[in-house]
Amino acid sequence: MKRRSSFKPAPTRRVRVLRLPIVTVALFLLFAVASRCQLIRQPKAPKTGLKVVKVVDGDTVILSNGQTVRYIGIDTPEQGQPFYEAAKNFNRKLVQGKTVELEFDVERYDHYGRMLAYVFVRDKSGRRIFVNAEMVRNGFARIYTRPPNVKYADLLVRLQEEARTNKRGLWSVYKPTRSPVVGNKRTMVFHRMSCPSVWKISPQNRIRFPSAEAALEQGFSPCRECQP
Ligand SMILES: [Zn+2]
């Protein structure tokens, strides 16, 4: 009896001794998971508090911290091309002076040091507007899929098809070639058969389409040089 009672405190103490490291490990794991979640979440949609101070064109803006942001997945007309002003004005109407939420893809910056982002703003009623998508949906931007930044590629292709079928914006003047074209699976650009770029495409990246429209439907963008 005396022996048993003298043994009793021992296991309890052992449990206490064990409990401390378990709690420590649990807290550490909890912290690790929490910080990891934050790491994953952070690049997705940080509310930046930054505003658009300048609209450069249909797919580029400058934020209040001086950072230039290039919209991912789209391409709008360059200066001198049809719909350049229209695209710029439409973009301005969407974002000028607004606070932006930015969402990122695999690459955070391009060669020019511009931040690559999916941009979201709120309209007057508080509705969240996906700016990149609105540009495409209204026919002021073509899709411009550059792997590995393809998070919304499928959505943008769908919206482009909607704009194209309804001949919105730049699609109202677009006359696609009815001849076969060649796509580059790496750059997601397609060319006329006669374009010099065709011969630079490696055989495994080369894909032939019966027409420009077939290439567009598959999410390929027309080459700027040969304009198929
Ligand atoms: Zn070309």
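No experiment lies behind these values; they were computed from the predicted model shown.

Trainee: Sorry, what's going on with unusual backbone geometry here?
Mentor: With glycine set apart, most residues show a phi of negative sign, and most peptide bonds adopt trans. The omega torsion across Pro 147 and Pro 148 is 10°, close enough to zero to call that bond cis. Relative to the helices and strands, Pro 148 resides in the loop between strand 8 (142-143) and helix 5 (153-165). The backbone phi angle of Met 188 is positive, close to 60°, even though this residue is not glycine. In this structure, Met 188 sits in the loop between strand 9 (181-184) and strand 10 (189-192).

Trainee: Can you walk me through helix 3 (residues 84-95) in this structure?
Mentor: Every α-helix carries 3.6 residues per turn, so stepping three or four residues along brings you back to the same face. Here helix 3 contains 12 residues, and its C-alpha end-to-end distance of 17 Å stays within 8% of the 16 Å for a straight helix at 1.5 Å per residue. Taken together, the buried positions of helix 3 are Tyr 84, Ala 87, Lys 88, Phe 90, Asn 91, Leu 94 and Val 95. Seen from one end, helix 3 has its buried residues packed into an arc of 165°, which puts them on one side. Of the residues trailing helix 3, Gly 97 is marked for its positive phi of about 75°.

Trainee: Looking at this model, I keep getting lost on the sheet that holds strand 11 (residues 206-209). Mind explaining?
Mentor: Whether parallel or antiparallel, the strands of a sheet pair through hydrogen bonds between backbone atoms. Here we have four strands laid out as an open sheet, ordered 11-9-10-12, and mixed in their pairing. The sheet is open, and its two edges are formed by strand 11 and strand 12 (221-222), each paired on a single side. With four bridges connecting them, strand 9 and strand 10 associate as antiparallel partners. Looking across to strand 10, one finds that Val 182 is bridged to His 191.

Trainee: Explain the coordination of the zinc ion to me, please; I cannot follow it from the model alone.
Mentor: Geometrically, a metal with four donors at the corners of a regular tetrahedron has ideal angles of 109.5 degrees, and one with six donors at the corners of a regular octahedron has ideal angles of 90 or 180 degrees. At 2.2 to 2.4 Å from the zinc ion lie its protein donor atoms, namely His 191 (ND1), Cys 195 (SG), Cys 223 (SG) and Cys 226 (SG). Taken together, the four donor atoms surrounding the zinc ion define angles of 95 to 132° at the centre, an arrangement classified as tetrahedral. Mapped onto the sequence, the residues coordinating the zinc ion show the spacing H-x3-C-x27-C-x2-C. We note that His 191, like Cys 195, is buried.

Trainee: Any chance you could explain the pattern of salt bridges here in plain terms?
Mentor: Once the charged atoms of two side chains with opposite charge are near each other, the side chains can pair. Within this structure, the stated rule accounts for 15 salt bridges. Among the salt bridges present, the one from Arg 70 reaches Asp 59, with a minimum N-O distance of 3.6 Å. Residue Arg 70 is located in strand 3 (residues 68-71), and its partner Asp 59 is located in the loop between strand 1 (47-55) and strand 2 (60-63); the two are separated by 11 residues in the primary sequence. For Arg 70, a relative accessible area of 9% puts it in the buried group. Here the residues in one salt-bridge network are Asp 59, Arg 70, Asp 75, Glu 78 and Arg 224, joined through shared partners.

About the thresholds
All residue numbers refer to position in the chain's written sequence, counted from 1. Note on the predicted model: pLDDT of at least 70 is required for a residue's local features to be given, and 80 or more for side-chain atom pairs to be given and counted; whole-chain, interface and lining totals, by contrast, use all residues. For the side-chain quantities, the full set of heavy atoms in the structure was used; hydrogens and water were omitted. Strands here mean DSSP runs of E at least two residues long; helices mean DSSP runs of H or I at least four residues long; both are numbered from the N terminus. Each helix should span, by expectation, one fewer than its residue count multiplied by 1.5 Å. Only protein chains enter the area calculation, which uses a 1.4 Å probe; residues under 20% of their type maximum are buried, those over 50% are exposed, and those in between are partly exposed. What the arc describes is the spread of directions from the helix axis to the C-beta atoms. A pair of strands is labelled paired if DSSP reports no fewer than 2 bridges between them. Here the term donor refers to an N, O or S atom within 2.8 Å of the metal (or 3.2 Å for Na, K and Ca), and because water is left out of the atoms, sites may appear incomplete. Each label reflects the angles at the metal, where four donors whose angles all fall between 85 and 135 degrees are tetrahedral, four or six donors whose opposite pairs open beyond 155 degrees and whose other angles stay between 65 and 115 are square planar or octahedral respectively, and the rest are irregular. Just to be clear on terms, a salt bridge is a Lys or Arg side-chain nitrogen sitting within 4 Å of an Asp or Glu carboxyl oxygen.

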